[in-house]
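Remarks on the overall topology
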Amino acid sequence: MQADDRPARVEDVHELAQGMPHVTVEYGKGGNPVYQVGRKSFVFFRTPRPDAFDPATGERYPDVIVFWVPSESDKQALVQDASSPFFTTPHFDGHRSVLLRASRLGELTLRELTEVVQDAWLSQASRRRAEVWLRDHPGEP
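Residues take numbers from 1 onward in each chain, read along the sequence in its written order. Selection of residues for local features in this predicted model requires a pLDDT of at least 70, selection of side-chain atom pairs for listing and counting requires 80 or more, and totals for whole chains, interfaces and linings are taken over all residues. Side-chain calculation: all heavy atoms of the structure are included, whereas hydrogens and water are not.

Let us now look at helix H3 (residues 110-124). Only DSSP runs of H or I with at least four residues qualify as helices, and only runs of E with at least two residues qualify as strands; both kinds are numbered from the N terminus onward. Each residue after the first adds 1.5 Å to the expected span of a helix. End to end, H3 covers 21 Å across 15 residues, agreeing with the expected 21 Å (1.5 Å per residue, within 8%). Think of it in three bands: with a 1.4 Å probe and only protein chains considered, a residue is buried below 20% of the maximum accessible area for its type, exposed above 50%, and partly exposed in between. Counting buried residues in H3 gives eleven out of 15 residues, a clear majority hidden from the surface.

Here the focus is the packing of helix H1 (residues 10-19) against H3. Working note: a packed helix pair is described by the angle between its axes plus the distance between those axes. In the contact formed by H1 and H3, the axes pass within 10 Å of each other and the chain directions differ by 45°. Considering the angle they form, H1 stands oblique to H3. Judged by the twist between their axes, the crossing of H1 over H3 is right-handed. Along the contact surface, H1 presents Asp12, Val13, Leu16 and Ala17, while H3 presents Leu110, Leu113, Thr114 and Val117. A per-class count over the contact of H1 with H3 returns six nonpolar, one polar and one charged. All axes are obtained by fitting lines to C-alpha atoms, using only the stretch in contact for helices, and the reported angles, taken between N-to-C directions, cover 0 to 180 degrees. The cut-offs work like this: below 35 degrees is roughly parallel, past 145 is roughly antiparallel, 65 to 115 is roughly perpendicular, and the gaps in between are oblique. By convention, the crossing between two helices is left-handed when the near helix turns anticlockwise from the far helix through less than a right angle, and right-handed when the turn is clockwise. Residues count as neighbours in contact if any of their non-hydrogen atoms are within 4.5 Å of one another. Only Asp, Glu, Lys and Arg are considered charged, only Ala, Val, Leu, Ile, Met, Phe, Trp, Tyr, Cys and Pro nonpolar, and every remaining residue, Gly among them, polar.

Turning next to the packing of aromatic side chains. Put simply, two rings from Phe, Tyr or Trp (the six-membered ring, in Trp's case) pair if the centres are within 6.5 Å, and we call them stacked under 30 degrees between planes, edge-to-face over 60, tilted for the rest. This model, assessed by the stated rule, comprises four aromatic pairs. Centroid distance Phe44 to Trp68: 5.7 Å. Interplanar angle 50°. Geometry classified as tilted. Of this pair, Phe44 sits in strand E3 (residues 40-45) while Trp68 sits in strand E4 (residues 64-68), and the two are 24 residues apart along the sequence. Trp68 matches Phe44 in its accessibility class, with the two residues each being buried. Residues Trp121 and Trp133 carry aromatic rings whose centres are separated by 6.2 Å and whose planes lie at 50° to one another, so their mutual orientation is tilted.

Here it is in structure tokens:
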């Protein structure tokens, strides 16, 4: 198994997001990290909210991570695939983002998570920053 084929971990989300250029980290009221590029969030860890909960127990999910996506069609491709750990809630209708529970990150490989984080960054970065990054990283998203 190659290193990027291993299961993804929460630490990988932090490392990948911080590894993108021009990233700053803000912290929400609950101390949750919000990764931004140009003052625009591209990955953030949510505090438990009433829209994301365990249908069996009604308990709010404590481990939801939000990733921006390039388009509504990208979002639908991720959330409509029954084998995908990504989901959405009515709160995010019309919002170019998908949700993922940290407890399900291991269903993705590091390679897959890398692509999701890079796409999230590209979807929020300025056009100039995105063009420079894509030029310097041929063959990536």
